[in-house]
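Residue-level structure breakdown
This is what each chain is made of:
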Amino acid sequence: SAVISQKPSRDICQRGTSLTIQCQVDSQVTMMFWYRQQPGQSLTLIATANQGSEATYESGFVIDKFPISRPNLTFSTLTVSNMSPEDSSIYLCSVATGPNEQYFGPGTRLTVT
Amino acid sequence: GQQVMQIPQYQHVQEGEDFTTYCNSSTTLSNIQWYKQRPGGHPVFLIQLVKSGEVKKQKRLTFQFGEAKKNSSLHITATQTTDVGTYFCAGPPGGYQLIWGAGTKLIIKP
């Protein structure tokens, strides 16, 4: 398993602004993922953060809106840009340490007003 | 595209009653995983099933993987308040990504 921390744990932001969420892992991992989860809903994969290359985005998510950095094997950031109230959600990072099972950070609860 | 359907969406039980959630995939899965998310928490990995017909137990939890590797179930015997949360199944379409079921929320009636 892996211990994952996320910052900030929550934030309230004004529309039109941007927020960068950090994800730190206590060990080197190959695969890191960013998810969005609306309250009471399932998880939606935003992108796979690739170390040393551009992130791979899922359908419906674009780099201009959700730029991702992955400077090394223990750290990644997700930026939510030009926010609107529809971006209010919980954002989760996860890592895969073995064949498929994933371990999650505690999440960032974002409210956009 | 590949889909993982999970039912029911909610299940209300009295403490001590059993609970079951079911997952069905539109395609054969190489494995299926189960996660638990407590209220206000993040998903926590419970178990992975890989083999056709596999059955695994964790105390009061029993996990099954269908013979065709397209369906799975989680059964909890004699639920306790600590079991409250949402249970998700997830399967890989390929590589390290996962396709997630909608989740089943276990609610203990007061």
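Below or above, wherever it landed, is the structure these notes cover. Every value quoted in this text rests on a predicted model; they were computed, and no experiment measured them.

**Topic: the sheet that holds strand 3 (residues 19-25) of chain A**
Residues and elements named next belong to chain A. Strand order across the open sheet formed by 4 strands is 1-3-8-7, with antiparallel pairing between neighbours. Each edge of the open sheet is held by one strand with a lone partner, namely strand 1 (4-7) and strand 7 (68-72). For this sheet, the mean angle separating the axes of adjacent strands, direction not counted, is 15 degrees. Here strand 7 pairs with strand 8 (residues 75-80) via 3 bridges, running antiparallel. Looking at strand 8, one finds that isoleucine 68 is bridged to leucine 78.

**Looking at the interface of chain B and chain A**
On the side of chain A, 21 residues touch chain B, which itself brings 17 residues to the contact. At the boundary of chain B with chain A, total buried surface from both sides reaches about 1,500 Å², with 54% on carbon and sulfur atoms. Its largest share of buried area at the contact with chain A, chain B owes to B:Tyr96, B:Gln97 and B:Trp100, together 38% of the area lost on that side. At the surface where chain B touches chain A, the tally comes to 6 residue pairs in polar contact (both at pLDDT 80 or more). Contributing elements (two or more residues each) for the side of chain B that touches chain A: strand 4 (32-37) and strand 5 (44-49) of chain B.

**Let's talk about the pattern of salt bridges**
Working definition: two side chains of opposite charge can pair if their charged atoms are close together. Tallied over the entire structure, the rule returns 3 salt bridges over all chains. Salt-bridge contacts for A:Asp87 lead to A:Lys65; the nearest nitrogen and oxygen are separated by 2.6 Å. With a gap of 22 residues between them, A:Asp87 in the loop between strand 8 and strand 9 (89-96) and A:Lys65 in the loop between strand 6 (56-57) and strand 7 connect regions that are remote in the sequence. We note a salt bridge from B:Arg60 to B:Asp83, for which the minimum N-O separation is 2.8 Å. Of this pair, B:Arg60 sits in the loop between strand 6 (55-58) and strand 7 (61-65) while B:Asp83 is found in the loop between strand 8 (71-76) and strand 9 (85-91), placing the two residues 23 residues apart along the sequence. For B:Asp83, a relative accessible area of 5% corresponds to the buried category.

Conventions we followed
Counting restarts for each chain: residues are numbered from 1 in the order of the written sequence. Lettering for chains starts from A, numbering for ligands starts from 1, and both go in the order in which the items are written. Side-chain atom pairs in this predicted model are given and counted only at pLDDT of 80 or more, local residue features only at pLDDT of at least 70, and totals for whole chains, interfaces and linings cover all residues. The basis for every side-chain value is the complete set of heavy atoms in the structure, and neither hydrogens nor water enter the calculation. Should DSSP find at least two bridges between two strands, the strands are regarded as paired. Segments assigned H or I by DSSP are reported as helices when at least four residues long, segments assigned E as strands when at least two residues long, and all are numbered from the N terminus. All axes are obtained by fitting lines to C-alpha atoms, using only the stretch in contact for helices, and the reported angles, taken between N-to-C directions, cover 0 to 180 degrees. Any two residues whose heavy atoms approach within 4.5 Å are treated as being in contact. Joining two parts hides part of their accessible area as seen by a 1.4 Å probe, and the buried area is that hidden amount summed over both. Within 3.5 Å is the distance limit for a polar contact, defined as a pair of N or O atoms, with the added protein rule that one can donate a hydrogen and the other accept it, and that residues adjacent in sequence qualify only through two side-chain atoms. Think of a salt bridge as a Lys or Arg side-chain nitrogen and an Asp or Glu carboxyl oxygen that are within 4 Å of each other. Under the scheme applied here, a residue whose accessible area is under 20% of the maximum for its type counts as buried, over 50% as exposed, and between as partly exposed, the area being computed with a 1.4 Å probe on protein chains only.

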